[in-house]
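# Structural features, examined
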Amino acid sequence: AARQHQGRVLGGGSTVNSMIYVRGNRRDFDQWAAVGNPGWDYLSVLPYFIKQEDYRGPVRETEAFHGRGGPIGVTPSQITGTIEAFVKGGQELGYSNIDYNGPEQTGFPISTFSIKDGLRSSTAMEYLRPANSRPNLHVLHSATVHKVLFENKRAVGVKFEHKGRLLTVRARREVIMSAGSVASPKLLMLSGVGPKEHLHQHNLKVVADIPGVGQNVHDHVEILGLSWLGVRGTSFPSLIETFSPSSIHLFRLTRQGPIGTVPLNFGNAWITVSEGGDPLWPDIQLFFNSITIARDLGAVNPALYGLEKPMFQEYFSEIYGREGFTIRPILVRPKSRGTITLRSTDVHEQPNIDPQLLSHPDDVTTLVKGIKLSLALGNTSLFVNSYGAQFYDKPLPQCAHTVFGSDAYWVCYVRHMSTTFYHLAGSCKMAPASDPYGVVDHRLRVRGLKGFRVVDASIMPFVTNGNTNAPTIMIAEKASDMIKEEWKILEGHI
């Protein structure tokens, strides 16, 4: 069993994530529309990406695709030596330096992050805080929702627990569920909305039989451990250097320096590795950071990534504390699908999450090709000549029965060194009525019920191509307009 982290805090995942700002590929949204969700094609959702964005980068030829003055700060990464090597390495392999939030995504860009003036730009900071004096906004933290209440198939309120008391709040118009890809299906089922057979197993009264609740669960899968050792200066500064008196002074004066940027020199690229695939619709994201997984001497990373500590120590102890970098290939268009089901009717008990990662053989094949691309990138000129990059080629003990470097070896490596990238999606699928596993319609209204919507990453029929924070904010912005439109509330009066 592995941990599935959740953003259980004001601002959700935007408060705890790595701040990588990625919209996704335009074909992701065109695919949403093509399967029967009108209004979710790329040209329809683009205005909501532009609306949310306060782009802090230079004016480029893709300026029309960006917003300035929106709530979420979007700041390009500093171009450090290793980031330059990453981008130029991609160019050496034949890929362009592009604006991946512009018209196309394929290539090796300078990454952008949800950072504004050196501070994390979360939805709590940029949406909730400016609105906290509104008379129609009430935020109650440290409360646990038990269920949504229904009368004649209409959502009329929510029962929740706060400081040991069970309380009820009533809704005159709608109840909006935005609990995330794990908790939204769980709460739907606890409220009697889900597959009737599963609800009967837990003696729950069926309000709406919706077989798709908790189905279509999928996630990005990343490969850990591909490490290159390098000369001194390859890795990002240590915490001691990051929070040195000079760094603190610089941050106070300018909001810049190591404290005011994303840690670990993150870099990203999007590439199609599968034969016959659309070259402009990548299936692999390469995630670069200028530190190896063994840099922390095994103190945190085994638990963080769900790796067994004895195995971690056996494989990585030889490079504990060494400088270097890692490239992590990520499967961004997974075919594997899993489930989320109730373990019990106790709201305090987490559900069973079975993502069935890598259950589809094509996902393994794609990741093996992603590994080969990573190896080629790590061997490009600037990495080798400027940083003395040397691949850590110790065979994984669990794969000793295969020939190192063969396809069979890398398949074995994928099976042992893969993990979630924490972008779980799809568990309350948006789909037309003809899809038996749809949960919400294209207006995000829960099937067969009134006054009830789901607005979070769980509605994605297919997870977007890259980190999911920006598209989740887009979903919320679009939902806001749909709600105001249906209730005929003009802008400025809500």
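Keep in mind that this is a model prediction, so the values were computed, not measured. (Residues numbered from 1 in each chain as written. Predicted model: local features only at pLDDT ≥ 70, side-chain atom pairs only at ≥ 80, totals over all residues. Heavy atoms only, no water.)

Another aspect to go through is the pairing of strand E15 (residues 284–289). Regular strands place their side chains on alternate faces of the sheet. In terms of burial, E15 is largely enclosed, as 6 of its 6 residues are buried. In the sheet, strand E14 (residues 267–271) pairs with E15 via 5 bridges, with the strands oriented antiparallel. By the bridge assignment for E15, Gly267 is matched with Phe288. The sheet contact formed by E15 and strand E16 (residues 324–331) spans 6 bridges and is antiparallel. Of the residues in E16, the one forming a bridge with Phe288 is Ile327. (Buried < 20%, exposed > 50% of the residue type's maximum accessible area, 1.4 Å probe, protein only. Helix = DSSP H or I, 4+ residues; strand = E, 2+ residues; numbered from the N terminus. Pairing = 2+ DSSP bridges.)

Taken in spatial order, the 3 strands make up an open sheet running E6-E7-E8, and their pairing is antiparallel. Both outer strands of the open sheet, strand E6 (143–151) and strand E8 (165–170), are each paired with one neighbouring strand and no more. Strand-to-strand twist across the sheet, computed as the mean angle between neighbouring axes with direction ignored, equals 25°. Sheet topology places E6 next to strand E7 (residues 154–162); 8 bridges connect them, and they run antiparallel. The partner of Val145 across the bridge, within E7, is Phe160. (Axes fitted to C-alpha atoms, helices over the stretch in contact; angles between N-to-C directions.)

What follows is about the UniProt feature "domain: Glucose-methanol-choline oxidoreductase N-terminal" (unreviewed entry) in the protein chain. UniProt marks residues 7–30 and 180–194 with the feature "domain: Glucose-methanol-choline oxidoreductase N-terminal" (unreviewed entry), using the numbering shown here. Taken end to end, residues 7–30 is 21% helix and 0% strand, and its first and last C-alpha atoms sit 28 Å apart. Overall, residues 180–194 shows 73% helix and 13% strand. The separation of its end C-alpha atoms is 16 Å. (UniProt positions renumbered as here; feature names shortened; annotations may be inferred.)

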